[in-house]
Amino acid sequence: MVPNSLLRSTLKTQLASYIKNATANRSFVDNPLKGALLARLYSTDPSFQKEVSDLKDNNGFKGHDMLAPFTAGWQSTDLNPLVIEKSEGCYVYDDNGKKYLDTLAGLWCTALGGNEPRLVAAATAQLNKLPFYHSFWNRTTKPSLDLAKELLETFTASKMAKVFFSNSGSEANDTQVKLVWYYNNALGRPNKKKFIARAKSYHGSTLISASLSGLPALHQKFDLPAPFVLHTDCPHYWRYHLPDETEEEFSTRLANNLENLILKEGPETIAAFIAEPVMGAGGVIPPPATYFEKIQAVVKKYDILFIADEVICAFGRLGTMFGSDKYNIKPDLVSLAKALSSAYMPIGAVMISPEIAEVIYSQSNKLGIFSHGFTYSGHPVSCAVAIEALKLYKERNIVEKVRSISPKFQDGLKSFSDSPIVGEIRGTGLILGTEFTDNKSPNDPFPPEWGVGAYFGAQCQKHGMLVRVAGDNIMMSPPFIITPTEVDQLISIYGKALKATEERVQQLKSQH
């Protein structure tokens, strides 16, 4: 481990001149020692980063007025944000005109790229005709009705009967909990209220959806998770399998653990199980072989509803229209958002099975009203854009396009698996995660102050590519429209960033 005092004593005396004299064609991350500073720039050590920011100029938006989501306060106070001004296909441009290949598609969402004219035209036409009307009290708009019908026809993994519209995936999953509680109360099962989610899952950041999420950062100092939420095993085979345990055996063990949790809590208290087909923000974790087959058998045995959180996986991301199609999931409820409108307008949705819809209708008739909804539920502009996005997915055969290009994407990046700093590269379709560890072992993480993942991300950004960095995990989910040439560029930049990161790790080890 390199102590901060060593880094400070070396860097503080040298980096001011490095940064001051850096030219446009020679970034200060060229040198691994200087790059150590940039990695710290993306780390979670405010004292060190403040020293860094003191060396930077005072231009830009440092100290801006927005409380930025998923951003530390000192970052907004002491550092200039990367301000994106324009998007074009798979690329975005910052306010200095620098071009970046956006390999996360915004936040897993700009599936059709950054300037699809038909989506812009759909929004413009609807804005000119009817910019807003609500869907309360049996009043609504044609786009919301048309989109609901289209979604029910598109989802074929199991029969769905009704669609409820929200504004985001978080709101969709928040709504799921209320619907399930409403359903069980209507059936006279007031104790069947607990939800089981999974460690490392991500289901949103509202009070309820953050509780469902299995990421500790979403709970810390928010008094979460709520007590009705339980978490079972993360299905990450590489990290958690026992010696000589096959994927199928691992899946059996996790299904048994789930059943034991249900029995411990009492099946009469467990309302629903929620899962992403492929876990996204938790590190891109595809399920091990036979996992969903065995999990579904357990929840069905105890009359527990299955909620498929398709917010990231839907509309082609995995090379199937829905993640449920790929893994033969037969959900009772489905959450959608992100690629639903290719992120051009905020929208989320919940799809509801006939059995649940019938109970909700019956109960609302008894009460006189179904008292849940949002001002912008089924917003006509969002729905118009989503309708056009669905048309484009089908007309352009986006699922087949993803299926055809994903081997190049997956194989090209997985060819770097032999790197001494890579623990695992995993993914499917157009979603992929890289986890940096020492000795290729899940049990040998690099010291967090080395900032290995952050350094890799900074190297990518230097070369004109944006990735998601979460500790020493790197995540990518490029737009569905990415071309073979753009995949080549992505792989090339990844390789350059990896080589530089290997060199930095080697240097830090030599100083250990």
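Asker: Would you explain the pairing of strand 10 (residues 348-352) in this entry?
Answerer: The two faces of a sheet get side chains in turn, since along a regular strand they alternate between them. Summarising burial for strand 10: five of the five residues are buried, a large majority. Where burial is concerned, the two faces of strand 10 agree: the one with Gly348, Val350 and Ile352 and the one with Ala349 and Met351 are both buried. With five bridges joining them, strand 4 (residues 162-166) and strand 10 adopt antiparallel strand pairing. The residue of strand 10 that forms the bridge with Phe165 is Ala349.

Asker: Even after reading the chapter, I still don't get unusual backbone geometry, so can you show me in this structure?
Answerer: Leave glycine aside and you will find that most residues have negative phi; peptide bonds, for their part, are mostly trans. The omega torsion across Leu224 and Pro225 is 5°, close enough to zero to call that bond cis. The phi torsion at Trp137 lies on the positive side, around 55°, for a residue other than glycine. Mapped onto the elements, Trp137 comes out in the loop between helix 6 (117-129) and helix 7 (142-154). The backbone of Asp303 sits at a positive phi, close to 55°, despite the residue not being glycine. The topology assignment puts Asp303 in the loop between helix 12 (291-301) and strand 8 (305-309).

Asker: Hey, could you run me through the environment of His219 in this one?
Answerer: Its location among the elements puts His219 in the loop between helix 9 (207-212) and strand 6 (229-232). Accessibility expressed as a relative area gives 12% for His219, which makes it buried. When the C-alpha positions of His219 and Ser205 are compared, they lie 9.4 Å apart, and in sequence the two are 14 residues distant. With sequence-adjacent residues up to four places away left out, His219 is seen in contact with Ala210, Ser211, Ser213, Leu224, Pro225 and His231. A polar side-chain atom of His219 sits 2.9 Å from the main-chain carbonyl oxygen of Ala210.

Asker: For this particular structure, what's the right way to read the nonpolar core?
Answerer: When a protein is soluble and globular, its nonpolar side chains tend to lie buried together. Ranked by size, the top nonpolar core spans 68 residues in total, and within it Leu147, Leu151, Phe315 and Tyr393 carry the most contacts. Beyond its immediate stretch of four places on either side in the chain, Phe315 contacts Leu151, Thr320, Met321, Phe322, Leu336, Ala337, Ala339, Leu340, Leu390, Tyr393, Ile398 and Phe480. Counting 32 residues, the second-largest nonpolar core is a separate cluster that includes Ala255, Leu261, Phe273 and Tyr327.

Asker: Help me understand the sheet that holds strand 9 (residues 333-336) in this model?
Answerer: Sheet strands line up and pair through hydrogen bonds in the backbone, either parallel or antiparallel. Sheet architecture is open: seven strands sit in the order 4-10-9-8-7-5-6, paired in mixed fashion. Each of the sheet's edge strands pairs with one partner strand only, and the pair in question is strand 4 and strand 6. Recorded for the sheet is a direction-independent mean angle of 20° between the axes of neighbouring strands. Of the strands in this sheet, strand 4, strand 9 and strand 10 touch helix 7, which is tilted by about 125° from strand 4. With respect to the sheet, helix 8 (residues 169-186) is in contact with strand 4, strand 5 (194-198), strand 7 (270-275), strand 8, strand 9 and strand 10, its orientation differing from that of strand 9 by roughly 160°.

Asker: Which parts of the structure should I look at to understand the layout of surface pockets?
Answerer: Empty pockets left among the atoms are what a rolling probe the size of a water molecule brings to light. Within this model, the second largest pocket holds a volume of roughly 1,000 Å³. In terms of lining residues, the second largest pocket is bounded by 29 residues, among which Ser135, Val163, Phe164, Tyr361 and Phe370 are the most central. Of all the secondary structure elements, the ones that give two or more residues to the lining of the second largest pocket are helix 7, strand 4 and helix 14 (354-367). It is helix 14 that contributes the most residues to the lining of the second largest pocket, five residues altogether. Here the lining of the second largest pocket is composed, by residue class, of 16 nonpolar, eleven polar and two charged.

Asker: Would you take a moment to explain the side chain of Asp472 for this structure?
Answerer: Topologically, Asp472 is positioned in the loop between strand 14 (468-470) and strand 15 (473-476). Although Asp472 lies buried, it forms no salt bridge, and the closest oppositely charged side chain, Arg504, sits 7.5 Å away as judged by the N-O distance. Apart from the residues lying within four places of it in its own chain, the contact partners of Asp472 are Thr434, Glu435, Phe436, Phe446, Gly451, Val452 and Gly453.

Asker: Looking at this structure, how should I read the environment of Asp233?
Answerer: Positionally, Asp233 belongs in the loop between strand 6 and helix 10 (237-240). Taking the C-alpha atoms as reference points, Asp233 and Leu254, separated by 21 residues in sequence, lie 6.5 Å from one another. Beyond its immediate chain neighbours, meaning those up to four positions away, Asp233 contacts Arg198, Ala199, Leu254 and Asn257. Side chain to side chain, Asp233 and Asn257 meet in a polar contact 3.1 Å long.

Rules behind the numbers
- Residues numbered from 1 in each chain as written.
- Predicted model: local features only at pLDDT ≥ 70, side-chain atom pairs only at ≥ 80, totals over all residues.
- Heavy atoms only, no water.
- Buried < 20%, exposed > 50% of the residue type's maximum accessible area, 1.4 Å probe, protein only.
- Helix = DSSP H or I, 4+ residues; strand = E, 2+ residues; numbered from the N terminus.
- Pairing = 2+ DSSP bridges.
- Contact = heavy atoms within 4.5 Å.
- Polar contact = N/O pair within 3.5 Å; in protein donor to acceptor, adjacent residues only side chain to side chain.
- Core = buried A, V, L, I, M, F, W, Y, C linked by side-chain atoms within 4.5 Å.
- Axes fitted to C-alpha atoms, helices over the stretch in contact; angles between N-to-C directions.
- 1 Å grid on protein atoms, 1.4 Å probe; cavity = no way out; pocket = protein on both sides within 12 Å on 5 of 7 lines; lining within 4 Å.
- Points joined across faces, edges and corners; volume = space filled by probe spheres on them.
- Nonpolar A, V, L, I, M, F, W, Y, C, P; charged D, E, K, R; others polar.
- Lys, Arg positive; Asp, Glu negative; His and termini not counted.
- Salt bridge = Lys/Arg side-chain N within 4 Å of Asp/Glu carboxyl O.

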